[in-house]
Amino acid sequence: MRVSTGKATQSDGRMFTVVVEGFGVGLQRRAERRLTVPFSQLQRLMQTIALQGGRIRAINAEEVPAGSEPQAPSTEAAADAPAAPPTPARKAPVSHADVPVNLYKPKDPFIGTVTGNYSLLAEGAIGRVNHITFDLSEGNLHYVEGQSIGIIPDGTDANGKPHKLRLYSIASTRHGDNCEGGTVSLCVRQLQYEKDGSTINGVCSTFLCDIEPGAKVKITGPVGKEMLLPPDEDANVIMLATGTGIAPMRAYLRRMFEPSERAKNPEYQFRGKAWLIMGVPKTPNLLYEDDFQRYLAEYPENFRYTKAISREQQNPSGGRMYIQDRVTEHADEIFSLIEDPKTHVYMCGLRGMEPGIDEAMTAAAAAKDLNWSELRPQLKKADRWHVETY
């Protein structure tokens with residue numbers, strides 16, 4: 001690697017051109033690219049290139065004539081390089097090593113108290129979905145957005161043994177729904193299925209949907225580092241959710257846009273683009289709709305909300321509108337965002353959504369002369385493709 005910087009100081013007004021290979025996504029990784037940034041952004045750009053497996057071939061300094069203003073960064077560099085750090089001191093982002101994991105285990109669970117349990121569905125909805133909140137103030141169970149907790153339902157199984165735990169994605173921010181800390185909330189759909197002519201209710205989901213405030217519940221965790229929200233306030237976050245897969249997305253959006261949360265988080269004031277693509281069977285099954293509509297009204301430049309309502313909307317072929325149909329419909333915009341290294345994609349919901357999303361992304365990528373089977377592992381390696389299905 002050739003480096004030509006001369007003497008550099010923090011007040012250096014020169015521009016630097018970084019010649020890099022293997023950086024970006026798709027066709028970008030195959031070409032040599034030249035990214036021009038001011039000195040204040042140079043170190044962060046180099047870190048980003050290293051994290052994404054790029055190879056820096058040269059760094060060249062461009063002298064600024066005396067009395068002239070430094071040149072603005074090139075358009076391409078502005079898309080690839082993180083913004084210069086703001087002047088006020090910021091807290092360092094939480095690293096994966098600092099994320100709490102398995103503070104409480106199945107053999108010694110935390111005993112939480114239910115403080116609230118209410119239906120999230122409107123009249124005419126299919127099924128049963130509840131929002132349930134637990135008091136954690138009597139212990140040390142804490143978490144961050146994107147994690148899960150385990151619930152051990154009361155009672156025993158057919159063999160007389162205690163029920164095994166079930167994991168549920170957390171639907172609240174680290175500060176809880178009341179923004180005072182010491183609580184955690186879940187979004188739970190009652191599992192029901194037919195067997196031999198009878199309706200079978202899921203053990204844990206029914207236990208939670210039926211539970212009364214004041215009841216005690218065995219809780220384990222937290223667990224999970226796959227769905228953590230990036231600390232970058234200028235990141236772009238694409239969220240693909242079906243049903244109760246909205247749980248972590250709700251936590252992200254509250255952290256980004258809820259006024260009380262923003263007041264709690266001076267070190268995290270989201271300025272990027274958040275795009276939620278949500279799939280449900282009917283309009284009454286939309287979850288947390290009032291909150292999302294409020295965020296749309298208050299942050300129209302930062303939040304976008306797209307719905308796939310399968311039993312009410314049709315796709316271009318005349319069939320039901322599923323989330324993968326929305327991905328296909330907006331493929332150009334989605335891939336334009338993915339080409340930006342600041343973009344992260346999150347998918348959460350039933351495991352059955354994965355093949356449809358994968359097929360839609362494969363077709364969309366092919367239309368842009370990209371190979372999705374190659375691109376997806378690149379995004380995963382760069383910690384930009386996050387999936388939690390069940």
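Everything numeric in this text was worked out from a predicted model, so none of it was measured.

### Section: the overall build of the chain
- Across its full length, the chain carries 10 helices and 17 strands.
- Split into buried and exposed, the 390 residues of the chain put 49% on the buried side.
- Counted over contacts in the chain with a minimum sequence separation of 6, partners at least 24 positions apart contribute 73%.
- As displayed, the chain has an accessible area near 18900 Å², and 50% of this comes from carbon and sulfur atoms.

### Thoughts on the sheet that holds strand β8 (residues 166–169)
- Spatially, the 6 strands line up as an open sheet ordered β8-β7-β12-β5-β6-β9, and their pairing is antiparallel. The open sheet has two edge strands with one neighbour each: β8 and β9 (183–189). Direction aside, neighbouring strands of the sheet carry axes that sit 40° apart on average.

### Examining the pairing of strand β11 (residues 198–201)
- Alignment of strand β10 (residues 192–195) against β11, held across 4 bridges, turns out to be antiparallel. Looking at the pairing, Lys-195 lines up with Ser-198 of β11.
- Between β10 and β11, which pair antiparallel one after the other, the connecting turn spans 2 residues, and Asp-196 there sits at a positive phi close to 55°.

### Observations regarding the sheet that holds strand β17 (residues 385–389)
- What the 5 strands build is an open sheet, ordered β15-β14-β13-β16-β17; its pairing is parallel. Here the strands that pair on one side only, and so sit at the sheet edges, are β15 (303–309) and β17. Strand-to-strand twist in this sheet, taken as the mean axis angle between neighbours without regard to direction, amounts to 10°.
- For strand β13 (residues 236–242) and strand β14 (residues 274–280), the ladder comprises 6 bridges, and the chain directions are parallel.

### Looking at helix α10 (residues 372–381)
- Along α10, the residues classified as buried are Trp-372, Leu-375 and Leu-379. Buried residues of α10 fall within an arc of 65° about the axis and therefore sit on the same side.
- Check the buried side of α10 and you find it contacts α8 (331–338), α9 (353–367) and β17.
- Following α10 by one or two positions, Asp-383 has its phi on the positive side, about 60°.

### Remarks on the nonpolar core
- Judged by nonpolar contacts, the single largest core of 34 residues is most densely connected at Ile-246, Met-249, Leu-253, Met-256 and Leu-276.
- The set of elements that each furnish at least two residues to this core consists of β13, α4 (246–257), β14, α6 (289–298), β15 and β16 (343–349).
- Ranked by residues supplied to this core, first place goes to α4 with 7 residues.
- Counting residues domain by domain, this core receives three or more from each of domain 2 (110–223) and domain 3 (236–389).
- Apart from the residues lying within four places of it in its own chain, the contact partners of Met-256 are Leu-229, Val-237, Arg-262, Tyr-268, Phe-270 and Ala-274.
- Among the nonpolar cores identified, the runner-up in size contains 23 residues, and Ile-238, Ile-277, Ala-331 and Phe-335 belong to it.

### What about the packing of α4 against α6?
- The contact between α4 and α6 brings their axes to 11 Å, and the two run at 35°. The two elements α4 and α6 cross, and the hand of that crossing is left-handed. Mapping the contact onto sequence places Ile-246, Arg-250, Leu-253, Arg-254 and Phe-257 in α4 and Asp-291, Phe-292 and Tyr-295 in α6.
- Its residues placed into classes, the contact of α4 with α6 shows 5 nonpolar, no polar and 3 charged.

### With respect to the side chain of Thr-220
- Along the chain, Thr-220 falls in strand β12 (residues 216–223).
- Not counting residues up to four positions away in its chain, the partners in contact with Thr-220 are Tyr-104, Lys-105, Pro-106, Pro-109, Ile-149, Gly-150, Ile-152 and Leu-165.

### Quick notes on the environment of Asp-291
- Assignment of secondary structure puts Asp-291 in helix α6.
- Since its relative accessible area comes to 19%, Asp-291 is described here as buried.
- Asp-291 sits 34 residues away from Phe-257 along the chain, and the two C-alpha atoms are 9.6 Å apart.
- Here Arg-294 takes part through its side chain, which lies 3.0 Å from a polar atom of the side chain of Asp-291.

### Description of unusual backbone geometry
- Here the bond from Gly-221 into Pro-222 is cis, since omega is 0°, no more than 30 degrees from zero.
- Considering the arrangement of structural elements, one finds Pro-222 in strand β12.
- A positive phi angle is found at Cys-179, which is not glycine, with a value near 60°.
- Mapped onto the fold, Cys-179 is located in the loop between β8 and β9.
- For Tyr-288, which is not a glycine, the phi torsion comes out positive at approximately 60°.
- Relative to the assigned elements, Tyr-288 resides in the loop between β14 and α6.

### Regarding the packing of aromatic side chains
- The full count for this structure, using the stated rule, is 15 aromatic pairs.
- Ring geometry for Phe-257 against Tyr-299: centres 4.9 Å apart, planes inclined by 35°, an arrangement best described as tilted. In this pair, Phe-257 is assigned in helix α4 and Tyr-299 in the loop between α6 and β15, connecting sequence segments 42 residues apart.
- Judged by relative accessible area, which is 0%, Phe-257 ranks as buried.
- Accessibility expressed as a relative area gives 19% for Tyr-299, which makes it buried.
- Ring geometry for Trp-372 versus Trp-385: centroids 5.1 Å apart, planes at 75°, classification edge-to-face. Taken together, the positions of Trp-372 in helix α10 and Trp-385 in strand β17 put the pair 13 residues apart, joining distant regions of the chain. Per residue, the accessibility class of Trp-372 equals that of Trp-385, and both read buried.

What counts as what
- Residues numbered from 1 in each chain as written.
- Predicted model: local features only at pLDDT ≥ 70, side-chain atom pairs only at ≥ 80, totals over all residues.
- Heavy atoms only, no water.
- Helix = DSSP H or I, 4+ residues; strand = E, 2+ residues; numbered from the N terminus.
- Buried < 20%, exposed > 50% of the residue type's maximum accessible area, 1.4 Å probe, protein only.
- Contact = heavy atoms within 4.5 Å.
- Areas by Shrake-Rupley, 256 points an atom, 1.4 Å probe, with all protein chains shown as cover.
- Pairing = 2+ DSSP bridges.
- Axes fitted to C-alpha atoms, helices over the stretch in contact; angles between N-to-C directions.
- Arc of directions from axis to C-beta.
- Core = buried A, V, L, I, M, F, W, Y, C linked by side-chain atoms within 4.5 Å.
- Domains from an automatic or database assignment.
- Left-handed = near helix turned anticlockwise from the far one by under 90°.
- Nonpolar A, V, L, I, M, F, W, Y, C, P; charged D, E, K, R; others polar.
- Polar contact = N/O pair within 3.5 Å; in protein donor to acceptor, adjacent residues only side chain to side chain.
- Phe/Tyr/Trp six-rings, centres within 6.5 Å; stacked < 30°, edge-to-face > 60°.

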